[in-house]
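A structural walkthrough
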Amino acid sequence: MIGMSGAGKSHWAQILAGAGFRVIGVDDRIEKKLTPELAAGGYRGIGGVAAWMGWPGDPTYIEREKKYLECEVKSMEEALDEIHAAGEEGIILDTTGSVVYTGEEICRRMQSLATVVYLEASLAEEELLIARYLSDPKPVLWGDHFVRRPGESTKDAIARCYPRLIAHRKKLYERYAHRIVSMDLLRNVNLSARGFLKLLEGQARPA
């Protein structure tokens, strides 16, 4: 599953895990690879990774963003190797929101080995994602999509720039997705794992 941080990827992955699917969580693998850096600062968990990265614009952010992406690339390569070796259904790949920055080769390989489901945010949901990021930060790679204006606070700049980041990523998510499901739709239904999978079949995109 792909989509912005906070879109519900891990939530649905855990529901599927409860139904017997094996989940490969890329966040967990990145955290493990970053253990030496995180431990030095006393950080743990996905929130700790976000705290270690800091806010865009912080002096250490660019360097740590690069390190995070290097770990994500390695984690995706490992995960895809495992999926290929398994050669069977029943594996859920729970990606990060920045998976589309791991490169064309990795994303195309993911597309060939798995059914890629994109959890799409509506305009209303975008506001919720921004609020979640500000109140409970998750690791987010900004690249050149964060630009703070003179006199503007970091949080105000994030609120202004985040929609632009989503718009950029949306094109990339759509490029690789086999299924696109609205976050609004999922929020307004109470689905079991089987119901979720049935819903996905109705969202197939033309080849």
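Residues numbered from 1 in each chain as written. Predicted model: local features only at pLDDT ≥ 70, side-chain atom pairs only at ≥ 80, totals over all residues. Heavy atoms only, no water.

1. Notes on the overall build of the protein
The test is simple: In this text, helices come from DSSP runs of H or I with a minimum length of four residues, and strands from runs of E with a minimum of two, each type numbered from the N-terminal end. In this setup the radius of gyration rests on C-alpha atoms only. A globule is expected at 2.2 Å times the number of residues raised to 0.38. Only protein chains enter the calculation, and the probe is 1.4 Å; a residue is then buried if its accessible area is under 20% of its type maximum, exposed if over 50%, and partly exposed in between.
Scanning the protein for helices and strands turns up ten helices and four strands. Its helices and strands in sequence order give the protein the pattern α-β-α-α-α-α-β-α-β-α-α-β-α-α, from N to C terminus. A globule of 207 residues ought to have a C-alpha radius of gyration of about 17 Å, and the protein, at 17 Å, matches this closely. Here the C-alpha coordinates of the protein stretch approximately 50 × 35 × 30 Å along the principal axes. Looking at the protein as a whole, 43% of its 207 residues are labelled buried.

2. What to know about the packing of helix H7 (residues 123–135) against helix H8 (residues 154–176)
Worth spelling out the cut-off: Under this scheme, a helix contributes an axis fitted over its contacting stretch, all axes are lines through C-alpha atoms, and angles between N-to-C directions fall in the 0 to 180 degree range. Here the word oblique covers every angle except those under 35 degrees (roughly parallel), over 145 (roughly antiparallel) and from 65 to 115 (roughly perpendicular). Take the far helix as the reference: if the near one is turned anticlockwise from it by less than a right angle, the crossing is left-handed, and if turned clockwise, right-handed. The criterion used for residue contact is that any of the two residues' heavy atoms lie within 4.5 Å. Residue polarity follows a fixed list, in which Ala, Val, Leu, Ile, Met, Phe, Trp, Tyr, Cys and Pro are nonpolar, Asp, Glu, Lys and Arg are charged, and the others, Gly among them, are polar.
The geometry of H7 relative to H8 is characterised by a closest axis approach of 10 Å and an angle of 135 degrees between their N-to-C directions. One finds that H7 runs oblique with respect to H8. When the axes of H7 and H8 are compared, the crossing they make is right-handed. Touching Glu126, Leu129, Ile130, Tyr133 and Leu134 of H7 are Lys155, Ile158, Ala159, Tyr162, Pro163 and Ile166, all from H8. For the contact of H7 with H8, a count of residues per class yields nine nonpolar, no polar and two charged.

3. Brief notes about the packing of helix H4 (residues 45–53) against helix H5 (residues 61–86)
Between H4 and H5, whose axes approach to 9 Å, the crossing angle comes to 140 degrees. By the angle between their directions, the pair H4 and H5 is classed as oblique. Across the interface between the two elements, Val49, Trp52 and Met53 from H4 touch Tyr61, Arg64, Glu65, Lys67 and Tyr68 from H5. Looking at the contact of H4 with H5 residue by residue, the classes come out as five nonpolar, no polar and three charged.

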